[in-house]
Amino acid sequence: MKVVVCVKQIPDPASPYTLEADSHWLVRPSEQVLDDTDRYGVEMGLQLAQANEGSVTLVSMGPAGNMQGIRQALAMGADKAVVVDDSTLRGADALTTARILAKAIANEGFDLVIAGTESTDGYSGVVPQMIAELLDVPALTYATTVDLSPDAVSIHRQTDLGYDVVNASLPALVTVTAGVVEPRYPTFKGIMEAKKKPVETFSIADLGLEPTIEQTVAAITAAPERTAGEKIEDEGEAYLRIVEKLEEVKVI
Ligand SMILES: Cc1cc2nc3c(=O)[nH]c(=O)nc-3n(C[C@H](O)[C@H](O)[C@H](O)COP(=O)(O)OP(=O)(O)OC[C@H]3O[C@@H](n4cnc5c(N)ncnc54)[C@H](O)[C@@H]3O)c2cc1C
């Protein structure tokens, strides 16, 4: 069972993001971390591979930098990583990202692809479904549980009212929600072993693809400052003011 997990390296959310003055593109420093969303995908991949005598391959697109995010996922227990790092991909839009990842995944071969529902920095939430379309496999999204058998996968798909049971035959792609599993922390042994695990780096020419960067960021505006809320002193009828407020914002 070959499980491929899409993992994104992102600038550390703890430090403020910077945008390039001219292009307004996100500056991706060498120091990047594993997108927290993808820790759940890696953990789910490890559990499914271990239960099905399989392997876990990580696939990532973006500036490799010091590989800290990739090594973090390898230290959790993944077997190897494939990184597509090419300066012509700067400012790549979601469709370009999906094309690159789909090609790298197809080259690797796979039974199941796992991705997060949305990343922490771009959070367009569309890349996995695009990858599935490009690979011509079913996309089972927003999984809160995943059951895998040698030739099929079944998920509980999160809905507003609870969940739907969605089944498909393999190969397939699944997106997992945060909290679907409890990601393990890398052990010291895992961190040491990760240093020796194979990481293959490709340019887009290696994948036989052309750079197709169409998106440009015309302008950026800062989000409006959040104003301090209204303080309501409760002298027994505060609930009336709260009901009024809720009516004002048409919640009730
Ligand atoms: C602030 C900001 C705004 C943007 N706005 C747009 C926009 O409006 N339109 C547009 O087309 N692009 C936009 N982009 C670019 C887009 O974010 C990138 O193309 C990005 O690489 C993929 O999209 P995402 O992070 O939104 O993916 P999502 O679909 O949110 O990611 C879901 C999952 O897909 C996988 N995945 C996504 N990217 C990668 C990757 N590079 N490597 C490995 N796995 C990955 C991960 O498992 C991730 O959890 C924006 C980027 C930023 C930082």
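This text goes with the structure placed above it.
What you see as residue numbers is a count from 1 along each chain, following the sequence as written. Reporting of local features is limited, given that this is a predicted model, to residues whose pLDDT is at least 70; pairs of side-chain atoms are given and counted only at 80 or more, and all residues count toward the totals for whole chains, interfaces and linings. Note that the side-chain values use all heavy atoms of the structure and ignore hydrogens as well as water.

Caption draft 1: Representation of the packing of helix α3 (residues 94-108) against helix α4 (residues 127-135). The axes are straight lines fitted to the C-alpha atoms, using for helices just the contacting stretch, and the angles between their N-to-C directions are given from 0 to 180°. Counting from the N terminus, the helices are the DSSP runs of H or I reaching at least four residues and the strands are the DSSP runs of E reaching at least two. Two numbers describe how α3 lies on α4: the axes approach to 8 Å, and their chain directions differ by 50 degrees. Classified by the angle between their axes, α3 and α4 sit oblique to one another. In the crossing of α3 with α4, the sense of the turn from one axis to the other is right-handed. Where α3 approaches α4, its residues A94, L95, T97, A98, R99, L101, A102, I105 and A106 are matched on the opposing element by V127, M130, I131, L134 and L135. Class assignment for the residues of the contact of α3 with α4 results in twelve nonpolar, one polar and one charged. Note on angle classes: values under 35 degrees are labelled roughly parallel, values over 145 roughly antiparallel, values of 65 to 115 roughly perpendicular, and the remainder oblique. The sense of a crossing depends on the near helix, which, turned anticlockwise from the far helix by less than a right angle, makes the crossing left-handed and, turned clockwise, makes it right-handed. Between two residues, a contact is recorded if the distance between any of their heavy atoms is within 4.5 Å. Asp, Glu, Lys and Arg are counted as charged, while Ala, Val, Leu, Ile, Met, Phe, Trp, Tyr, Cys and Pro are counted as nonpolar; the rest, among them Gly, fall into the polar class.

Caption draft 2: Region of the structure containing the site of the ligand. Near residues are defined by distance, with any heavy atom within 4 Å of the molecule or strand qualifying the residue. Taken together, the neighbourhood of the ligand is formed by 27 residues, with K8, A92, S119, S124 and G125 sitting nearest. What qualifies as a polar contact is a pair of N or O atoms within 3.5 Å, subject to a donor-acceptor requirement within protein and to the restriction that residues adjacent in sequence count only when both atoms come from side chains. Note that an oxygen atom of the ligand is positioned 2.8 Å from one of the side-chain N or O atoms of D38. Taking G116, its main chain carries an N or O atom lying 3.1 Å from an oxygen atom of the ligand. Notes on the ligand: free accessible area 920 Å², of which the protein chains cover 78%. Mapped onto the shell around the ligand, the elements with two or more residues apiece are α1 (36-51), β4 (55-61), α3, β6 (112-116) and α4. A breakdown of the residues in the shell around the ligand according to their chemical character gives 13 nonpolar, nine polar and five charged. For accessible areas, the Shrake-Rupley method is used with a probe of radius 1.4 Å. Any residue's cover is judged against the shown protein chains and nothing else.

Caption draft 3: Summary view of the pattern of salt bridges. We count a salt bridge whenever a side-chain nitrogen from Lys or Arg sits within 4 Å of a carboxyl oxygen from Asp or Glu. Following the criterion strictly, the structure yields 14 salt bridges and no others. E193 is the salt-bridge partner of K189, the closest N and O atoms lying 3.0 Å from each other. Here the residue K189 and the residue E193 both occupy positions in helix α5 (residues 188-194), the gap between them amounting to four residues, near one helical turn. Think of it in three bands: residues with accessible area under 20% of the maximum for their type are buried, residues over 50% are exposed, and the middle band is partly exposed, with areas taken using a 1.4 Å probe on protein chains only. Judged by relative accessible area, K189 falls into the exposed class, the value being 59%. Among the ionic pairs, E230 bridges to R241, the shortest N-O distance being 3.0 Å. Within this pair, whereas E230 is found in the loop between β11 (199-202) and α6 (238-248), its partner R241 is found in helix α6, the two being separated by eleven residues in sequence.

Caption draft 4: The sheet that holds strand β8 (residues 152-159), seen in detail. One bridge is not enough; two strands pair if DSSP finds at least two bridges between them. Here we have nine strands laid out as an open sheet, ordered β9-β8-β7-β10-β6-β1-β4-β5-β11, and mixed in their pairing. Taken across any chain shown, the strands that pair with only one partner, and hence form the sheet edges, are β9 (162-169) and β11. For this sheet, the mean angle separating the axes of adjacent strands, direction not counted, is 30 degrees. Where β4 lies against strand β5 (residues 80-84), five bridges are found, and the strand directions are parallel. Each residue of the ladder has a partner; that of T57, found in β5, is K80.

Caption draft 5: Structural detail: the packing of aromatic side chains. Aromatic contacts are taken between Phe, Tyr and Trp rings whose centres are within 6.5 Å, Trp giving its six-membered ring; a plane angle under 30 degrees counts as stacked, one over 60 as edge-to-face, and the others as tilted. This model, assessed by the stated rule, comprises zero aromatic pairs. Comment: the charge-over-ring label is applied if NZ (Lys) or CZ (Arg) is within 6 Å of the ring centre and within 35 degrees of the ring normal. Sitting above the plane of the Y40 ring, R39 keeps its charged end 5.9 Å from the centroid.

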